[in-house]
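Report on the structure
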Amino acid sequence: LRNKLVNFTSSTPWFKEMLPKSWIDLQNEVIEASQHGKKFLSSTEWNDLAKKVGISPDGYMFKISTQFLNDIGTIRFAGMIISEVKARGRHSGTVFIDTAYMVDVLKGLIRHDRQALLDFFKGTGSTQKLRMVNRLNACGKLDPRLFPFIWPATESSLDYWSVIRQKDMKEKELWSSDIVQSENEIKSAVELLEGFDL
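So, a few notes on the structure that sits alongside this text. On a predicted model such as this, the values are computed, not experimentally measured, just so you know.

Attention now moves to unusual backbone geometry. For the peptide bond that leads from Pro-152 to Ala-153, omega is -20°, which places it in the cis range. Positionally, Ala-153 belongs in the loop between helix H9 (147–150) and helix H10 (158–166). The backbone of Lys-16 shows a phi angle near 70°, a positive value even though the residue is not glycine. Tracing the chain through its elements places Lys-16 in the loop between helix H1 (2–11) and helix H2 (21–35). Among the residues examined, Lys-16 registers a relative accessible area of 71% and is labelled exposed.

Below is the structure:
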């Protein structure tokens, strides 16, 4: 298998082509920002990072380098490149740079055991939220009112996450730290899911 992969890769037309130094510099800047606790960048921050390494946000290299870093998994970008934004007058979206964060966001939605949510809403008597969780389990339809309960922990869901962290539940094992801490961070997490078409 290894030899077949090597043979296939070496037969592609772009094999051994050099990458522009600015692309590698941009990748290194992303890795460094991620290592310093940054989970995502606004479109303005992404433009500034590109400028820092000599890539003009108005040039075609900006679009290509963004797409390249997205394709190799360094970033996740589902918005429009800034030149397209200027032409269409629309927002460009967020650039996600922390792989562990992206996995945690996906984990919040994709995990299969939602028994803790069911138990919590049964205990609080919230039949409406119980129905929302059942709809999520049966149909995969996530009601926006459940967002705070998908990832730990915003103020609106602190009661739930306190119960989870006090009891010995499977859910507790999934979350070593808080993933979202504000409504804006929830919006960013949802934007990431939408970027994956989930």
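Time to look at the sheet that holds strand E3 (residues 95–96). Here we have three strands laid out as an open sheet, ordered E1-E3-E2, and antiparallel in their pairing. Every interior strand has two partners, whereas the edge strands, strand E1 (40–41) and strand E2 (76–77), have only one. Alignment of E1 against E3, held across two bridges, turns out to be antiparallel. Considered in E3, the bridge of Leu-41 is made with Val-95.

A few words on the packing of aromatic side chains. Within the structure shown, the criterion is met by twelve aromatic pairs. Judged by centre distance (5.1 Å) and plane angle (75°), the ring pair of Phe-121 and Phe-149 falls under edge-to-face. Separated by 28 residues along the polypeptide, Phe-121 in helix H7 (residues 115–124) and Phe-149 in helix H9 bring together distant segments of the chain. Of the two residues examined, Phe-121 and Phe-149, each falls in the buried class. Members of the aromatic cluster, joined through ring pairs, are Phe-120, Phe-121, Phe-149, Tyr-160, Trp-161 and Trp-175. In this structure, Lys-107 packs its charged tip against the face of Trp-175, placed 4.7 Å from the ring centre.

Rules behind the numbers
- Residues numbered from 1 in each chain as written.
- Predicted model: local features only at pLDDT ≥ 70, side-chain atom pairs only at ≥ 80, totals over all residues.
- Heavy atoms only, no water.
- Helix = DSSP H or I, 4+ residues; strand = E, 2+ residues; numbered from the N terminus.
- Buried < 20%, exposed > 50% of the residue type's maximum accessible area, 1.4 Å probe, protein only.
- Pairing = 2+ DSSP bridges.
- Phe/Tyr/Trp six-rings, centres within 6.5 Å; stacked < 30°, edge-to-face > 60°.
- Lys NZ or Arg CZ within 6 Å of the ring centre and 35° of its normal.

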